[in-house]
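# Structure at a glance
If you want the building blocks of each chain, they are given just below.
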Amino acid sequence: MEPGPKDDPGPACPNGYSLQVPATDPDAPVCRNAGAGALASAPAPAAVLPVLPALRRRDRVE
């Protein structure tokens, strides 16, 4: 397959900003202040296990 035609790359970042890729979403580059610190990585998800209520046993009445 041949590559398609080149198109407008879209708006550039304003002066003082640079295009950076966050560690949490590599498909979403964002404009950030060039003097800002590194993008923070996502916090590790907490290991939360759901606790289900105890099931009640119903006796059959016939």
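### A few points about the overall build of the protein chain
What the protein chain contains, in helices and strands, is zero helices and two strands. In the protein chain, of all internal contacts separated by at least 6 residues, the share reaching a separation of at least 24 is 0%.

### Observations regarding the state of the cysteines
Applying the stated criterion across every chain, the model contains one disulfide. Paired through a disulfide, C13 and C31 show a sulfur-sulfur distance of 2.0 Å. Torsion about the S-S bond of the C13 and C31 cystine: about -85°, corresponding to left-handed handedness. Here C13 is found in the segment before β1 (17-20), whereas its partner C31 is found in strand β2 (residues 30-33), with 18 residues between them in sequence. For C13, a relative accessible area of 22% translates into the label partly exposed.

Thresholds applied
- Residues numbered from 1 in each chain as written.
- Predicted model: local features only at pLDDT ≥ 70, side-chain atom pairs only at ≥ 80, totals over all residues.
- Heavy atoms only, no water.
- Helix = DSSP H or I, 4+ residues; strand = E, 2+ residues; numbered from the N terminus.
- Contact = heavy atoms within 4.5 Å.
- Disulfide = S-S within 2.5 Å.
- Buried < 20%, exposed > 50% of the residue type's maximum accessible area, 1.4 Å probe, protein only.

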